[in-house]
Amino acid sequence: MPILVKDYKWSETPTHIHIQVPLKGVKSSKADVFCGEELIKVHYPPYLFEVLLYKRVDDVKSSAVIRDNLVSLTLVKCEEETWGRLVSTRADDKKFVLAKKIEALEAAQKKKEEEVENRKVEKDRTKKYTVNEMLKVCYSTVAVS
C-alpha cells in the first residue's frame, strides 16, 4: 500500500495552478507523473500523491518538471478564475473518485491511440510524397534523355 503524500504546496493565479510535491529522497528517475483534465498523480514508490482537482485543467498545455527532489507542476486552467481550493468537493466520495480515475485513464489512452494513428497517417503521407517526387525526377530524367 503506497504512502499518501500530504505535505505538498500549491498556489494559484486566475490562469494557473502551481503544485510542488517533495520526492522525499527518492531518485527523480523513479517518479511517474500523470496529468489529466481532472486528476493529477505523482507516484514515486513507496509514495503516492493524487488529487482530484476542483475544476478542469488543460492537460496538454500543463507541464511537470522533476528536479532537486521536487516535482513542480504548472497546470493551465480551462477557465480563467480563482478557485480558492485545489481538491474537488467530492474527493471523499470513493465511487465518484474511482469513476473519475477510470475516466481519466480512458481519456489518456484514447489520446495516446489518436497520437499513434496521427503519426502513422503522417508517415504514410510523407512516404507517398517522397515516392511521387522520386517518380517525377525519374520521369523528367527519362524525358530529357
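Above this text you will find the structure in question.
Values in this document were obtained by computation on a predicted structure and should not be read as measured data. (Residues numbered from 1 in each chain as written. Predicted model: local features only at pLDDT ≥ 70, side-chain atom pairs only at ≥ 80, totals over all residues. Heavy atoms only, no water.)

Chemist: Just checking my understanding: could you explain the nonpolar core for this structure?
Modeler: Proteins that are soluble and globular tend to have nonpolar side chains buried together. Ranked by size, the top nonpolar core spans 20 residues in total, and within it Ile19, Val21, Tyr44, Phe49, Leu53, Leu73 and Leu75 carry the most contacts. Secondary structure elements with two or more residues in this core: strand E3 (16-22), strand E5 (39-44), strand E6 (47-52) and strand E8 (70-77). If we skip the residues at most four places from it in the chain, Val21 touches Val5, Tyr8, Tyr44, Phe49, Asn69, Leu70 and Val71. (Core = buried A, V, L, I, M, F, W, Y, C linked by side-chain atoms within 4.5 Å. Buried < 20%, exposed > 50% of the residue type's maximum accessible area, 1.4 Å probe, protein only. Helix = DSSP H or I, 4+ residues; strand = E, 2+ residues; numbered from the N terminus. Contact = heavy atoms within 4.5 Å.)

Chemist: Just checking my understanding: could you explain unusual backbone geometry for this structure?
Modeler: Keep in mind that most residues, glycine aside, have a negative phi and that most peptide bonds are trans. That bond from Pro45 to Pro46 is cis: its omega, 5°, falls within 30 degrees of zero. With a phi close to 55°, Lys24 is a non-glycine residue in the positive phi region. Its place among the elements puts Lys24 in the loop between E3 and strand E4 (32-35). A relative accessible area of 36% places Lys24 in the partly exposed class. A positive phi is found at Asn69, a non-glycine position, where the angle reads about 60°. Structurally, Asn69 is set in the loop between strand E7 (57-67) and E8.

Chemist: Hey, could you run me through the pattern of salt bridges in this one?
Modeler: Oppositely charged side chains can pair when the atoms bearing their charge come close. Under the counting rule described, the total for this entry stands at 13 salt bridges. Of the charged contacts, one joins Glu81 and Lys55 as a salt bridge, the two residues approaching to 3.0 Å between their closest N and O atoms. Within this pair, whereas Glu81 is found in the loop between E8 and helix H1 (94-144), its partner Lys55 is found in the loop between E6 and E7, the two being separated by 26 residues in sequence. Here Glu81 falls in the partly exposed class, since its relative accessible area comes to 24%. Lys112 is paired through a salt bridge with Glu115; the nearest N and O atoms lie 3.9 Å apart. (Salt bridge = Lys/Arg side-chain N within 4 Å of Asp/Glu carboxyl O.)

Chemist: When you look at the sheet that holds E5 in this model, what are you seeing that I'm missing?
Modeler: Pairing between the strands of a sheet is mediated by backbone hydrogen bonds and can be parallel or antiparallel. Read across the open sheet, the four strands follow the order E1-E6-E5-E4; overall the sheet is mixed. Either end of the sheet is taken by a strand with one partner, and the two such strands are strand E1 (3-4) and E4. Pairing of E1 with E6 involves two bridges; the strand directions are parallel. Within E6, the residue paired with Ile3 across the bridge is Tyr47. (Pairing = 2+ DSSP bridges.)

Chemist: Explain a nonpolar patch on the surface here, please?
Modeler: Taken together, the side chains of Val131, Leu135 and Tyr139 make up a nonpolar region of the molecular surface, amounting to roughly 300 Å² of accessible area. Here Tyr139 lies in helix H1. (Patch = residues over 30% accessible without salt bridge, like charges linked within 9 Å, V, L, I, M, F, W, Y side chains within 5 Å. Areas by Shrake-Rupley, 256 points an atom, 1.4 Å probe, with all protein chains shown as cover.)

Chemist: What is the right way to read the side chain of Asp59 from this model?
Modeler: Position of Asp59 relative to the elements: it lies in strand E7. Here the side chain of Asp59 touches Lys111 through a polar contact of 2.7 Å, side chain to side chain. Setting aside chain neighbours within four positions, we find Asp59 in contact with Cys35, Gly36, Glu37 and Lys111. (Polar contact = N/O pair within 3.5 Å; in protein donor to acceptor, adjacent residues only side chain to side chain.)

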